[in-house]
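Architecture and fold: a report
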Amino acid sequence: MSIEKTKKTTLIKEYKSSEKDNGGSAPSQVAVLTERIRNLTDHMKANHKDQHSKRGLLLMVNRRKKLLAYIKKRNVSEYEDLIKKLGLRK
């Protein structure tokens, strides 16, 4: 359900906003959350009665939604690029 450290560091490197960013910027947080959500979604397909993981999944989705709203409010073009790179909207 959680992601490996190497995968997390590659996501942070890919989506960081500056050279000093260590994963604290909103785009890098969204990228890491998206990967965790995808992993947990696969887990929920196999274990549909796991209510604790379902709650965690909903919390992660809501946190990602808030971060995306913040990015959209701050810079619309950055928001559109991010959702296109992550493949969130169709």
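Keep in mind the model is a prediction, meaning the values are calculated, not measured.

Points about the packing of helix α1 (residues 5-15) against helix α2 (residues 26-46)
Where α1 contacts α2, the two axes come as close as 8 Å, and the packing angle between them is 145°. Here α1 runs over α2; the crossing is right-handed. Note on element contacts: α2 touches α1 through Pro 27, Ser 28, Ala 31, Val 32 and Glu 35, opposite Lys 7, Lys 8, Leu 11, Ile 12 and Tyr 15. Considering only residue class, the contact of α1 with α2 consists of six nonpolar, one polar and three charged.

Brief notes about the packing of helix α3 (residues 51-74) against helix α4 (residues 76-86)
The contact between α3 and α4 brings their axes to 5 Å, and the two run at 135°. By the angle between their axes, α3 is oblique relative to α4. For the pair formed by α3 and α4, the contact residues are Leu 68, Ile 71, Lys 72 and Arg 74 on the first element and Val 76, Glu 78, Tyr 79, Leu 82 and Ile 83 on the second. Here the residues of the contact of α3 with α4 sort into six nonpolar, no polar and three charged.

Overview of the pattern of salt bridges
A complete count under the given rule lists two salt bridges for this structure. Measuring nitrogen to oxygen at the nearest pair gives 3.8 Å for the salt bridge that ties Glu 19 to Lys 16. Exposure remark for Glu 19: the relative accessible area of 69% places this residue in the exposed category. Residue Lys 16 is classed as partly exposed on the basis of its relative accessible area of 28%. One salt bridge connects Glu 78 with Arg 74, and the closest N-O pair in it is separated by 3.1 Å. When its relative accessible area of 22% is taken as the criterion, Glu 78 is described as partly exposed.

Here's the deal with the nonpolar core
Counting residues in hydrophobic clusters, the biggest one holds 21 residues, and the most contacted among them are Leu 11, Tyr 15, Val 30, Leu 68, Ile 71, Leu 82 and Leu 86. No other element matches α2, which puts eight residues into this core. Not counting residues up to four positions away in its chain, the partners in contact with Tyr 15 are Ser 25, Pro 27, Ser 28, Ala 31, Leu 82, Lys 85 and Leu 86.

Some thoughts on α1
All buried positions along α1 are accounted for by Leu 11, Ile 12 and Tyr 15. Buried residues along α1 cover an arc of 100° about the axis, so they all sit on one side. For α1, the exposed residues lying more than 90 degrees away from the buried face are Lys 5, Thr 6 and Lys 13. Packing partners of the buried residues in α1 comprise α2 and α4.

Some thoughts on the confidence of the model for the chain
Taken as a whole, the chain shows an average pLDDT of 93; of its residues, 98% reach a score of 70 or greater. Per-element confidence in the chain is highest for α3, whose mean pLDDT is 97, and lowest for α1, whose mean pLDDT is 93.

Rules behind the numbers
- Residues numbered from 1 in each chain as written.
- Predicted model: local features only at pLDDT ≥ 70, side-chain atom pairs only at ≥ 80, totals over all residues.
- Heavy atoms only, no water.
- Axes fitted to C-alpha atoms, helices over the stretch in contact; angles between N-to-C directions.
- Helix = DSSP H or I, 4+ residues; strand = E, 2+ residues; numbered from the N terminus.
- Left-handed = near helix turned anticlockwise from the far one by under 90°.
- Contact = heavy atoms within 4.5 Å.
- Nonpolar A, V, L, I, M, F, W, Y, C, P; charged D, E, K, R; others polar.
- Parallel < 35°, antiparallel > 145°, perpendicular 65-115°, else oblique.
- Salt bridge = Lys/Arg side-chain N within 4 Å of Asp/Glu carboxyl O.
- Buried < 20%, exposed > 50% of the residue type's maximum accessible area, 1.4 Å probe, protein only.
- Core = buried A, V, L, I, M, F, W, Y, C linked by side-chain atoms within 4.5 Å.
- Arc of directions from axis to C-beta.
- pLDDT = per-residue confidence, 0-100.

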